[in-house]
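Observations on the three-dimensional arrangement
Single-letter residue listing:
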Amino acid sequence: MSQPETTTAGRTHAKSRTHRLTVTAMLSTVALVLMTLDFSVPFIPAFVKMDVSELPALLAAFSLGPWYGVAVCFIKNALHLLQTSTGGVGEAANFMMGAVFVGTAGVIYHRFGQHKSRRGALVGALIGAVAMALISVPLNYYFTYPVYAKFMPIDVILSMYQAIRPSVNGLLECLVTFNMPFTFLKGVLTVALCFLIYKPLSPLLHK
């Protein structure tokens, strides 16, 4: 007598898994499009671009779970390798920072958020944005910029920062003064957009 119930449960699980994979693929595609729509901002050198491509990943982390958010970050950057201009270095750094951002937000929301409340989502997302900003400094200092320096002298890179603020001295100071606040602002902008569109998209994300 229990076989029909077992079969029904199996079908429900299969449908749920298919839905999650479908939503993940859809959000990854949107993230790739948003990644190509980057733009410069006046308070940081032009080669550092602003985009909100972590937005779909954050939606996935909240609606499906943190690992799905990380998966969207990975798929987005893997697809972007087909049109990379950084030899994959930019994509690797983007993935690591995005994974820290949405992974942290998703874990806090799903594991520690009280009844998965909006407050829990906001706290998780803001902590994720802070974590992404903090990790951007050692990641850029020890990984990204040393690779870039093989194609562009570090003095040229520093001069781009000094053109905005002449008093900065050294790569580490530039990263702390410019890149860390910029990365946090990028995270906050993504969080704001997420809260604006999450509720209207909720039926699509969950059903």
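Scoring rules and cut-offs
Residues numbered from 1 in each chain as written. Predicted model: local features only at pLDDT ≥ 70, side-chain atom pairs only at ≥ 80, totals over all residues. Heavy atoms only, no water. pLDDT = per-residue confidence, 0-100. Helix = DSSP H or I, 4+ residues; strand = E, 2+ residues; numbered from the N terminus. Buried < 20%, exposed > 50% of the residue type's maximum accessible area, 1.4 Å probe, protein only. Contact = heavy atoms within 4.5 Å. Core = buried A, V, L, I, M, F, W, Y, C linked by side-chain atoms within 4.5 Å. Polar contact = N/O pair within 3.5 Å; in protein donor to acceptor, adjacent residues only side chain to side chain. Phe/Tyr/Trp six-rings, centres within 6.5 Å; stacked < 30°, edge-to-face > 60°.

Attention shifts here to the confidence of the model for the protein. Confidence along the protein averages 90 in pLDDT terms, with 91% of residues attaining 70 or more. Element-level mean pLDDT values for the protein span from 80 in helix α1 (residues 3-36) up to 96 in helix α3 (residues 66-80).

Its location among the elements puts Glu173 in helix α7 (residues 171-206). Judged by its relative accessible area of 32%, Glu173 falls in the partly exposed class. Placed 54 residues apart in sequence, Glu173 and Arg119 show a C-alpha to C-alpha distance of 34 Å. Among all residues touching Glu173, those that are not within four sequence positions of it are Ser167 and Val168.

The biggest cluster of nonpolar side chains holds 30 residues, and the ones touching the most others in it are Leu27, Leu58, Leu59, Phe62, Phe101, Val102 and Cys194. Elements with a minimum of two residues in this core: α1, α2 (55-63), α3, α4 (89-112), α5 (118-148) and α7. Not counting residues up to four positions away in its chain, the partners in contact with Cys194 are Leu55, Leu58, Leu59 and Phe62.

The residue Asn94 is located in helix α4 in this model. In this structure the side chain of Asn94 is engaged in a polar contact, spanning 2.8 Å, whose partner is the side chain of Lys76. What Asn94 contacts, discounting residues up to four positions off in sequence, is Met35, Glu54, Lys76, Asn77 and Lys186.

Counted under the stated rule, the structure contains 9 aromatic pairs. An angle of 55 degrees between the planes, with centres 5.3 Å apart, marks the rings of Tyr161 and Phe178 as tilted. Separated by 17 residues along the polypeptide, Tyr161 in helix α6 (residues 154-162) and Phe178 in helix α7 bring together distant segments of the chain. Comparing Tyr161 with Phe178, the two get one shared label, buried. One aromatic cluster is present, built from ring pairs that chain together Phe47, Tyr145, Tyr148, Tyr161 and Phe178.

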